[in-house]
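# Secondary and tertiary structure notes
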Amino acid sequence: MSNLNQRLKKMGNYASVSLVIIGICLIISEFFVHRHGEIKLEDFPVFPVIYGFSASVFIVVVGIGLRYLLMRKEDYYD
Amino acid sequence: MTNITPGLLMIVAAAFVPYLPHHIRQVFMLIAIGFSAVSLFAGEGVHWIIFVFGQELILHNADNLTLPFGIIFHIAATLNVIYGWHERRPMEHTAGLAYAGAAIAALHAGDLITLFIWWEATAITSVFLILASGTQRANNAAMRYLLVQVASGVMLLAGTCLYWKESGTIAFGAMELGSTGTWLIFLAFGIKAAFPFLNGWLQDAYPEATIIGTVMLSSFTTKLAIYAFARGFAGTEYLIWIGAVMTAFPVFFAVIENDLRRVLAYSLNNQLGFMIVAIGIGTELALNGAVAHAFAHILYKALLFMSIGSVMYRVGTAKATELGGLYKSMPLTMIFCIIGAMSISAFPLFSGFTAKAVIMKAVGYEGLIYVYLVLLAASAGVLHHSGIKIPYFTFFSHDSGLRPKEAPINMIIAMAVASVFCIGIGVMPTQFYQILPYELNYQPYDASHVVGQFQLVIFAMLAFTFLMRFGFYPPEISSTVLNSDWFYRKLAPRIGKPFLLIANKIGVGANAFLIKFTKQFISRISYIYQHPVTGPVTPGPAAIALITLLMCVLLLTNIF
């Protein structure tokens, strides 16, 4: 494995860990900040956390499904 | 001087661009843009009218809606000149300057005929940005692009004529959907705004343009359509639903697309959806949101296209499968790309946050819960494909073995300026909101909103990390993802071909029959000519044919 690949992996690990820490901090902050949204549903505790995560997973899952339907060889139109 | 339509000077200047030496040309273009911008100071009102065939054409109309668009179009044109400074061939510069000029002039059209003229001018000038690529693939894409754009223009013209007939005016103002004329105009705008199923041209053509060309294209055409909707169809309810679909469905395509410039074209489409929703709502708050979003979007979208363009300039490809690990070779480009990515993802302190917040507020205020939820999910999607995918697969991911130089200095400068704008709009919302059409007393930075937004984006990022780590994320595959251009690139030929073959056969058959018939007719005449019944001499076959014809006429007139 090349040197750069190892560094990229390391950076990926750091990024993942810091994201998790930030995420936990954000959930904790819910107790200190009176968060309210533009619609009522948004006022539900940690709504953006749940919605952001699940929407992203949903998009990727549908994307994978779309591949079966819409993906063709690169020279499809040629 | 300020009476002249903004943009017109740029079009005139473009005619001289091919004849100027390289660096002088670039300076000349900047000066032309500067002089054109002077006309923006004309103030509100009608500044230039001409009379053609008894019609009053308003060439320069300025108001609170044209101004923000005029400003951002000039900024974008300036950035394009700097970004393309290294390019010595004049084709893209000429086309780009004229294209930007035509788009700016279109903003200031006070009537639909003037709008139509500039509408078509943007199509004709911009196609050269795709043709400049010089490949057969680009040529084909350019022709498809031109066909679609001109179709939009023709619909606009037809709609204008019908609208004139029914309402007696060609003034470009608020219209009510209902008649054929207004529907045609609506569709003409819709094609240029890349509505769902009318969007194929965008993802088809933009990634085929040259590196500078794509950056130029990303700024004007679609935002001109957004402006046209804001002026003509604000408050049209259909737009809310069309816009909501527009924000959602390109996201799925962007996730699986491999060509990063095409990914950006999808995300451009999704961003337009937010603006269309806001225009559909049509309140002052919503229109402010649409304009703010268009303004911020032009900058961060150009920045993203610029950064991917810089990478492409250095390594010759923008395909995710062939890129990776470039953060060390092109660190500045990486930083600018991430600024663009954070802006489009609406991170607090970046332009997308302050702009999108206004639209979300307007949607929430109207109580459109489902639309709100779709837009929120689409925001997470934007973060996914533009915020993470673009920088991740280009600069990180894995070592592609590529070790290019950093981008040329002119590209760095252009990206730096765009970045400053992106952050500036993000940290100074009050100043930014001042250029919007209506007064806006809104403060996006309160603890509640900031925390909520951070929760949304960080957990969307965590979802990406989670899917990536556990191998659920779809790997990049070099492929073609079918889009709505499939209908005219594959389906129409497939259905049309048998019909054309049958028509061709009928044509060939009819032709053969006609030839046979004519030959027989001539041979009959020659037979009569050579065997005269009347005695001495007949004048010739032509005379016989004529006599026969006259006889037929006589007979027919006798019968009827």
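Residues numbered from 1 in each chain as written. Chains lettered and ligands numbered in written order. Predicted model: local features only at pLDDT ≥ 70, side-chain atom pairs only at ≥ 80, totals over all residues.

### Considering the overall build of chain A
So the rule is basically this: Only DSSP runs of H or I with at least four residues qualify as helices, and only runs of E with at least two residues qualify as strands; both kinds are numbered from the N terminus onward. Throughout, the radius of gyration refers to the C-alpha atoms, and the reference size of a globule is 2.2 Å times the residue count to the power 0.38. We call a residue exposed when 12 or fewer other C-beta atoms sit within 10 Å of its C-beta, buried when the count reaches 20 or more, and partly exposed for counts in between; the C-beta positions come from the backbone.
Along the backbone of chain A there are 2 helices and 1 strand. Ordered by position in the sequence, the α and β elements of chain A form the string α-α-β. Against the compact-globule benchmark of 12 Å for 78 residues, chain A has a radius of gyration of 19 Å, which places it well outside the compact range. The dimensions of chain A, computed from C-alpha atoms along their principal axes, are 55 × 40 × 15 Å. By the burial criterion, 19% of the 78 residues in chain A qualify as buried.

### Details of helix 3 (residues 66-83) of chain B
Rules: To estimate how far a helix should extend, the number of its residues minus one is multiplied by 1.5 Å.
Helix length check: helix 3 of chain B, at 18 residues, gives a terminal C-alpha distance of 25 Å against a target of 26 Å (1.5 Å per residue), a fit within 8%. Most of helix 3 of chain B sits out of view: 16 of its 18 residues are buried.

### Side note on the nonpolar core
Residue and element names in this part refer to chain B. As a reminder of what qualifies: By our criterion, buried Ala, Val, Leu, Ile, Met, Phe, Trp, Tyr and Cys residues that link up through C-beta atoms within 7 Å make up a nonpolar core. These domain limits were set by an automatic method or by a database of domain assignments. Once C-beta atoms have been placed from the backbone, residue pairs whose C-beta atoms lie within 7 Å are recorded as contacts.
One finds F229, V277, A278, I279, A290, L303 and L375 to be the most contacted residues of the largest nonpolar core, which totals 207 residues. Among the elements that make up this core, the one with the highest residue count is helix 13 (residues 284-315) (21 residues). Residues from two domains meet in this core; each of domain 1 (1-213) and domain 2 (234-475) gives at least three. Each residue touching A278, except ones within four places of it in the same chain, is listed here: A286, L287, G289, A290, I359 and A362.

### Description of helix 5 (residues 112-131) of chain B
When the terminal C-alpha atoms of helix 5 of chain B are compared, their 29 Å separation across 20 residues agrees well with the 28 Å that a helix rising 1.5 Å per residue should span. In terms of residue burial, helix 5 of chain B counts as a mostly covered element, since 16 of its 20 residues are buried.

### Side note on the interface of chain B and chain A
Keep this limit in mind: Each residue gets one of three labels, nonpolar for Ala, Val, Leu, Ile, Met, Phe, Trp, Tyr, Cys and Pro, charged for Asp, Glu, Lys and Arg, and polar for the others, Gly among them.
If you look at the interface, chain B gives 44 residues, while chain A gives 41 residues. When residues of the side of chain B that touches chain A are traced back to their parent elements, those giving at least two are helix 11 (237-256), helix 15 (351-365), helix 16 (369-395), helix 19 (447-469) and strand 3 (480-481) of chain B. Among the elements that make up the side of chain B that touches chain A, the one with the highest residue count is helix 19 of chain B (18 residues). Here the residues of the side of chain B that touches chain A sort into 28 nonpolar, 12 polar and 4 charged.

### A look at the domain arrangement of chain B
Per the domain assignment, the segments of chain B are domain 1 (1-213), domain 2 (234-475) and domain 3 (488-559). Computed over C-alpha atoms, the centres of domain 1 of chain B and domain 3 of chain B are 52 Å apart.

### Observations regarding the packing of helix 2 (residues 47-70) of chain A against helix 16 of chain B
Selection criterion: Axes, fitted as lines to C-alpha atoms, cover a helix only where it is in contact. Angles between the N-to-C directions of the axes lie from 0 to 180 degrees. Any angle from 65 to 115 degrees is called roughly perpendicular, while one under 35 is roughly parallel, one over 145 is roughly antiparallel, and all others are oblique. When the near helix sits turned anticlockwise from the far one by under a right angle, the crossing is termed left-handed; a clockwise turn instead gives a right-handed crossing.
Running from N to C, helix 2 of chain A and helix 16 of chain B point in directions that differ by 65°, and their axes come no closer than 9 Å. As judged from the angle between their axes, helix 2 of chain A and helix 16 of chain B are roughly perpendicular. Crossing angle aside, the handedness with which helix 2 of chain A passes helix 16 of chain B is right-handed. Residues Y51, G52, A55, S56 and I59 of chain A of helix 2 of chain A form the contact with helix 16 of chain B, whose own contacting residues are L376, A377, A380, G381 and H384 of chain B.

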